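Listed below, chain by chain, are the residues.
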Amino acid sequence: MDDFPASYDLIGLSTRSTGGKVSKVRFDNTKQEFESNEILFATGSWDTPKENTLLLWNVEQSSFGLSEQPSLTYSVLGKTTHEGDVTDMQFIGDNIILTSSSNGSLNAFQLINTSESDIMDQSIGTSNYQIQMIMNRRLHSFTDTKNASLNSFAIKPHSINDPLVATVGEDGKIVIVRIEDSIQDHVIEEADASSIKAILWPRSNEIIIANGCGQLRVFDPRENKPTTICYDHTNIRVPINCLAFHPSKVHKIASGNNKGGVTIWDTRKMSEPEKHAQPHNSRVWEIFYHPYYQELLFSCSEDGTVGAVNFADFTPRFPTQDSMNPVKGPNVTVKKIGFKSNELPINSIDYHPHSKLLISGGDNENLLYTLI
């Protein structure tokens, strides 16, 4: 990526108040963006004194000239309450948002465009969408009376018309369910002895989980035991908080850990990591690959910054003692996107390829954004 800028800086750009701490932000990438001027995204909150919320947003871009950055206008289109902290979120087809909760539940919400229907809800005020819960299933718990947080979920590839969802949580279980069914499809009771932080489902016969002990575990969803267990030898027992898979190479995945590091793995040879870099100095909460520049990895952290690591032409070289130092090949660059007045965690990031909009949310109760 030859035109990778020397630096990014959010200073001077507007922020948009969300009214609460943001735990997740997700664009609706299920529609054909090039056929619509409407850019929708959702935010979920956490640690709200009264009640957590799920907000649906619209962003509009207005360009004033070829040399000027577009002006971005944000509006809230819909709002509903959310029981427990929002721990994960994803748009799926037919205007449905899936969320997971710290109370152990998997939830589905239907988005109903009230300007195109007769359904109106005065509690939404001037919003254009009604957000209606259509599913609430408690899947994770320690006991019958004590819930366990549902930390992450993944959808089976090519099952979007009849989604099969795998969920993981603090109870160390993997629960696989069909959204349309009222019963659980499969439960792996002892998938891990520790808390499971994140999950990917890159292939139909391969589920990958990350745990609080710094391990990656690979499962065949039809089996109850992992087929592979691996860890980063330079970060032994450092919790892994998040996972992402490459846009075009399903065997390549990325992880982010508690020390601020991001690691690239090849699932065909999991004995050791492939690449490593250190964009942050504290916990990495979320990561994703750029959909077009596919060696570019974005991350967000408890240190209040967004990292951009370009792994193009990376030469693997691992530290033997100080794993906090970034490992760089000849053309590897690590950039940070920050906001000087923000020292609070950035918990979630997402990217909209058509508008080139990178958006993030965190504990400062604002959206932070830039165009890339």
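Just above sits the structure.
These numbers were taken from a predicted model, which means no experiment stands behind them.

### Here we look at the environment of Gln 130
With respect to the helices and strands, the residue Gln 130 is situated in strand E9 (residues 129-138). By relative accessible area, Gln 130 is classed as buried at 13%. Counting along the chain gives 74 residues from Gln 130 to Leu 56, while the straight-line C-alpha distance between them is 9.4 Å.

### Here's the deal with the pairing of strand E8 (residues 105-113)
Summarising burial for E8: eight of the nine residues are buried, a large majority. Here strand E7 (residues 96-101) runs beside E8; their pairing, made up of five bridges, is antiparallel. In the strand pairing of E8, Ile 97 is matched with Phe 109. Counted between consecutive antiparallel strands, the loop separating E7 from E8 contains three residues, among which Gly 104 sits at a positive phi close to 90°. Across nine bridges, the pairing between E8 and E9 is antiparallel. Residue pairing in the sheet places Leu 111 in a bridge with Ile 131 of E9.

### Remarks on the side chain of His 82
Within the element layout of this structure, His 82 appears in strand E5 (residues 71-82). Looking at His 82, its side chain comes within polar contact range of the side chain of Asn 107, at 3.5 Å.

### Concerning unusual backbone geometry
Phi is positive for Arg 237, which is not a glycine, with a value near 65°. Turning to its location among the elements, Arg 237 is positioned in the loop between strand E17 (226-231) and strand E18 (240-245). Its relative accessible area of 59% is what places Arg 237 among the exposed residues.

### Observations regarding the pairing of strand E24 (residues 306-310)
Every regular strand shows the same layout, with side chains that alternate between the two sheet faces. Of all five residues in E24, five are buried, a share of seventy percent or more. Covered by surrounding structure in E24 are Val 306, Ala 308 and Asn 310 together with Gly 307 and Val 309, the residues of both alternating faces. Bridge count for strand E23 (residues 296-301) against E24 is five bridges, and the pairing is antiparallel. Bridge assignment links Phe 298 to a residue of E24, and that residue is Ala 308. A loop of four residues connects E23 with E24, the two strands running antiparallel in sequence, and Gly 304 in this loop sits at a positive phi of about 85°.

### Points about the sheet that holds strand E15 (residues 206-211)
Here we have four strands laid out as an open sheet, ordered E14-E15-E16-E17, and antiparallel in their pairing. Taken across any chain shown, the strands that pair with only one partner, and hence form the sheet edges, are strand E14 (196-203) and E17. Recorded for the sheet is a direction-independent mean angle of 20° between the axes of neighbouring strands.

### Looking at the pattern of salt bridges
Where charged atoms from two side chains of opposite charge approach closely, those side chains can pair. In total, this model carries 14 salt bridges according to the counting rule given. Linking Arg 203 and Glu 206 is a salt bridge whose minimum nitrogen-to-oxygen distance equals 2.9 Å. Taking relative accessible area as the criterion, Arg 203 reaches 27% and is therefore assigned partly exposed. The shortest N-O distance in the salt bridge between Lys 252 and Glu 295 comes to 3.7 Å.

### A look at the packing of aromatic side chains
The full count for this structure, using the stated rule, is six aromatic pairs. Seen from their ring centres, Phe 41 and Trp 57 are 5.7 Å apart, and the 5° between their planes marks the pair as stacked. Residue Phe 41 is found in strand E3 (residues 39-45), and its partner Trp 57 is found in strand E4 (residues 52-62); the two are separated by 16 residues along the sequence. In this structure, Phe 41 and Trp 57 share a single accessibility class: buried.

### Some words on the sheet that holds strand E19 (residues 252-257)
One open sheet holds the four strands; their spatial order is E18-E19-E20-E21, and the pairing between them is antiparallel. A single partner strand is all that each edge strand has here, and the edge strands are E18 and strand E21 (275-277). Sheet twist, expressed as the mean angle between neighbouring strand axes with direction ignored, is 20°. Here five bridges tie E19 to strand E20 (residues 262-266), and the two strands are oriented antiparallel to one another. Directly across from Ile 253, in E20, lies its bridge partner Trp 265.

### Considering the environment of Val 238
Looking at the element boundaries, Val 238 is found in the loop between E17 and E18. Between the alpha carbons of Val 238 and Cys 213 there is a distance of 6.0 Å; along the sequence they are 25 residues apart. Excluding anything up to four places from it in sequence, Val 238 contacts Cys 213, Gly 214, Asn 257, Asn 258 and Lys 259.

Definitions and cut-offs
Residues numbered from 1 in each chain as written. Predicted model: local features only at pLDDT ≥ 70, side-chain atom pairs only at ≥ 80, totals over all residues. Heavy atoms only, no water. Helix = DSSP H or I, 4+ residues; strand = E, 2+ residues; numbered from the N terminus. Buried < 20%, exposed > 50% of the residue type's maximum accessible area, 1.4 Å probe, protein only. Pairing = 2+ DSSP bridges. Polar contact = N/O pair within 3.5 Å; in protein donor to acceptor, adjacent residues only side chain to side chain. Axes fitted to C-alpha atoms, helices over the stretch in contact; angles between N-to-C directions. Salt bridge = Lys/Arg side-chain N within 4 Å of Asp/Glu carboxyl O. Phe/Tyr/Trp six-rings, centres within 6.5 Å; stacked < 30°, edge-to-face > 60°. Contact = heavy atoms within 4.5 Å.

As far as function goes, none of this settles anything; it's purely spatial.
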